[in-house]
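A structural walkthrough
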Amino acid sequence: MNNSSTSAFLRLSDYLMKGYNKDVRPVKDWRNTTTVSIDVMVYAILGVDEKNQVLTTYIWYRQFWDDEFLTWEPMEYEDVSQISIPTEKIWVPDILINEFVDVGKSPDIPYVYVNHNGTVQNYKPIQVVTACSLNIYNFPFDLQNCSLTFTSWLHTIQDINVSLWRSPEEVKQDKSVFMKEGEWELLYVLPQYRMFEKNENSYAEMEFHIVIKRRPLFYAVNLLLPSMFLMVMDIIGFYLPPDSGERVSFKITLLLGYSVFLIIVSDTLPATAIGTPLIGNLLVGVYFVVCMALLVISLTETILIVRLVHKQDLQPHVPEWVKKLVLEKITVLLCIRNNKNTENTKDYERSVGTILPTKESSIVVDSILHEIASIRQYLEKRDEYRDIAKEWLQVGYVLDVLLFRVYLVAVLAYTVTLATMWSYWQRA
């Protein structure tokens, strides 16, 4: 910048500030209304606090007004048509946002631009922390409509009026500066001019409706998919042998892991003191409850099957109706091969009578015969227990396959229902 231009800025600044009173509305006729044109561009959605009903946004705010005491002829000042002046030295309208609940961290912009015809341009970014009625009834497919209402806190419409600097359509469709990578998607910003009366005075306000939509993919990836993986592992656990204790331990570990997962999830879900999300309950709350119930049912089924096939000496024979129902009808229905390995071979019985001599008068022979009879009785009893155990093991395996397939059908039906509801609500 050369000396002449510097001299022109200094002379112009001295000329404008000479006799200027920033405490008085800048009009030569007090009956003239000062119109403040407002423009808002949403830059980012910084936070949505459902519990406290607070929205934090970062906006680019612009306001324009005419100051009748800040005019000059550019030709008199080397064609300088615009100059920056410290904000604290001139009159600034008391335009505030009605919904303010906290002071945001906004950078301090100490200057405004003043045009030679008196138009003042005040540009500043603002972090806005405002109260908003947040409705999570349709979480995670919810839309939020939060308002930023700009109005003069003191002046009536006869003193300060507000207007829209750009056309409503331009403001509505402008997403040029919005940060698109985030949980929330900006649908549109709808401006609306309103005039209301209070204490027999009229006031003007410009309301900007910021309509945002939550992206549900975040919750699908971070909440639903891990839960689905645990359910898949539970289904795979059915392939462990039911007569071993490993399946019970495996499913108990899954159930404990899922309980820890739900504790972590509880901090992620939105909370509100006045209501609960309907779809959130269906897709998240009810979803997790159903998954937990399925895991409990799976563990219960495993315990019953292990108890059924566990070998016990006092276990009775399988009832005939159970054999016909399970080992005949259900095996055919499920296309399971029924290998009956319960034949009792007793070849040693035929060999005992041919080897032992028969001398009824001999005490030694009687003792030997008694011992052999006891051994034979023990072997027969052992074979009987083995046969009973094999029968119950066959029944247990068939019932295990039956319950596994029923469980698998239930999980698949629930998954299809959930996917259908998800698709429908997302479109809605």
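Residues numbered from 1 in each chain as written. Predicted model: local features only at pLDDT ≥ 70, side-chain atom pairs only at ≥ 80, totals over all residues. Heavy atoms only, no water.

The name an unreviewed UniProt entry gives the protein chain is 5-hydroxytryptamine receptor 3A, with Eleutherodactylus coqui as the organism. Under Sequence similarities (unreviewed entry), UniProt gives the following word-for-word description of the protein chain: "Belongs to the ligand-gated ion channel (TC 1.A.9) family. 5-hydroxytryptamine receptor (TC 1.A.9.2) subfamily. HTR3A sub-subfamily." Quoted verbatim from the Function (unreviewed entry) heading of the UniProt record, the comment on the protein chain is "Forms serotonin (5-hydroxytryptamine/5-HT3)-activated cation-selective channel complexes, which when activated cause fast, depolarizing responses in neurons." (UniProt positions renumbered as here; feature names shortened; annotations may be inferred.)

A tally of regular secondary structure across the protein chain gives 8 helices and 11 strands. Here the protein chain holds 428 residues, and 40% of them are scored as buried. Excluding contacts between residues fewer than 6 apart, the proportion of contacts in the protein chain whose partners are at least 24 apart in sequence is 80%. If you sum the accessible surface of the protein chain, you get close to 25,200 Å²; carbon and sulfur atoms cover 59% of it. (Helix = DSSP H or I, 4+ residues; strand = E, 2+ residues; numbered from the N terminus. Buried < 20%, exposed > 50% of the residue type's maximum accessible area, 1.4 Å probe, protein only. Contact = heavy atoms within 4.5 Å. Areas by Shrake-Rupley, 256 points an atom, 1.4 Å probe, with all protein chains shown as cover.)

On to a nonpolar patch on the surface, then. Side chains of L217, V221, L225, M228 and F229 sit close together on the surface and give an oily, nonpolar patch of about 460 Å² of accessible area. Tracing the chain through its elements places F229 in helix α3 (residues 217–236). (Patch = residues over 30% accessible without salt bridge, like charges linked within 9 Å, V, L, I, M, F, W, Y side chains within 5 Å. Salt bridge = Lys/Arg side-chain N within 4 Å of Asp/Glu carboxyl O.)

Below, the discussion takes up the state of the cysteines. The tally for this structure, following the rule as stated, stands at 1 disulfide. Disulfide pairing places C132 opposite C146 at an S-S distance of 1.9 Å. Between C132 and C146, the S-S dihedral sits near -85°, and the bridge is therefore left-handed. In this pair, C132 sits in the loop between β7 (119–131) and β8 (143–152) while C146 sits in strand β8, placing the two residues 14 residues apart along the sequence. Each member of the pair C132 and C146 is classed as buried. (Disulfide = S-S within 2.5 Å.)

Its boundaries defined by the atoms lining it, the largest pocket holds a volume of some 370 Å³. Those elements giving two or more residues to the lining of the largest pocket turn out to be β2 (54–66), β4 (95–97) and β7. No other element matches the 4 residues that β7 contributes to the lining of the largest pocket. Tallied by class, residues from the lining of the largest pocket come to 12 nonpolar, 4 polar and 3 charged. (1 Å grid on protein atoms, 1.4 Å probe; cavity = no way out; pocket = protein on both sides within 12 Å on 5 of 7 lines; lining within 4 Å. Points joined across faces, edges and corners; volume = space filled by probe spheres on them. Nonpolar A, V, L, I, M, F, W, Y, C, P; charged D, E, K, R; others polar.)

All told, the structure shown has 13 aromatic pairs when counted by the stated rule. Aromatic pair W65 and W91: ring centres 6.3 Å apart, planes at 85°, arrangement edge-to-face. With W65 in strand β2 and W91 in the loop between β3 (82–86) and β4, the pair connects residues that are 26 residues apart, well separated along the chain. The residues W65 and W91 share a single accessibility class, namely buried. Measuring from ring centre to ring centre gives 5.0 Å for F238 and F404, while their planes differ by 45°; the resulting arrangement is tilted. (Phe/Tyr/Trp six-rings, centres within 6.5 Å; stacked < 30°, edge-to-face > 60°.)

Under the defined criterion, the tally for this structure stands at 12 salt bridges. Note that R31 is salt-bridged to D29, the shortest N-O span being 3.6 Å. Exposure remark for D29: the relative accessible area of 26% places this residue in the partly exposed category. With a closest N to O distance of 2.9 Å, D234 and K251 form a salt bridge. In this pair, D234 is assigned in helix α3 and K251 in helix α4 (residues 246–266), connecting sequence segments 17 residues apart.

A few words now on the packing of α3 against α4. The N-to-C vectors of α3 and α4 enclose an angle of 175°; their axes lie 10 Å apart at closest approach. The angle between the axes of α3 and α4 places the two elements in the roughly antiparallel class. Facing N222, L223, P226, S227, L230, M233 and D234 of α3, the residues of α4 in contact are F250, K251, L254, Y258, F261 and V265. Partitioned by chemical class, the residues of the contact of α3 with α4 number 9 nonpolar, 2 polar and 2 charged. (Axes fitted to C-alpha atoms, helices over the stretch in contact; angles between N-to-C directions. Parallel < 35°, antiparallel > 145°, perpendicular 65-115°, else oblique.)

In this section: the confidence of the model for the protein chain. Confidence along the protein chain averages 81 in pLDDT terms, with 82% of residues attaining 70 or more. Strand β9 (residues 160–164) holds the highest mean pLDDT among the elements of the protein chain, 95, whereas helix α7 (residues 347–355) holds the lowest, 41. For residues 340–356, every residue scores under 50 in pLDDT, and the model assigns this stretch 17 contacts once sequence neighbours within four places are set aside. (pLDDT = per-residue confidence, 0-100.)

Let us look at α3. Taking 1.5 Å as the rise per residue, α3 with 20 residues should run 28 Å; its terminal C-alpha atoms sit 27 Å apart, in good agreement. At L224, α3 shows its maximal bend, which comes to roughly 35°, and the proline P226 appears one to four places after that position. Those residues of α3 that sit buried are Y219, A220, L223, L224, S227, M231, D234 and I235. (Expected span 1.5 Å × (residues − 1). Bend = angle between axes of the 7 residues up to and from the residue.)

Below, the discussion takes up the pairing of β9. Counting buried positions along β9 gives 4 out of 5 residues, so the element sits mostly inside the fold. In the sheet, strand β1 (residues 34–49) pairs with β9 via 5 bridges, with the strands oriented parallel. Of the residues in β9, the one forming a bridge with V36 is V162. (Pairing = 2+ DSSP bridges.)

Here the focus is the pairing of strand β11 (residues 201–214). Put simply, side chains in a regular strand alternate between the two faces of the sheet. Summarising burial for β11: 12 of the 14 residues are buried, a large majority. In this structure, β8 lies alongside β11, joined through 9 bridges in antiparallel fashion. Bridging across to β11, C146 finds its partner in I210. Here strand β10 (residues 184–198) folds back onto β11 in antiparallel fashion, the turn holding 2 residues, of which N199 has a positive phi close to 55°.

This brings us to the sheet that holds β11. Sheet architecture is open: 4 strands sit in the order β4-β8-β11-β10, paired in antiparallel fashion. Each end of this open sheet is capped by a strand with a single partner; those strands are β4 and β10. Put simply, the sheet's adjacent strands are angled 20° from each other on average, direction ignored.

This next bit is on the side chain of D400. Tracing the backbone shows D400 in helix α8 (residues 363–427). When neighbours within four sequence positions are excluded, D400 is seen to be in contact with F238, P242, R247, E301 and I305.

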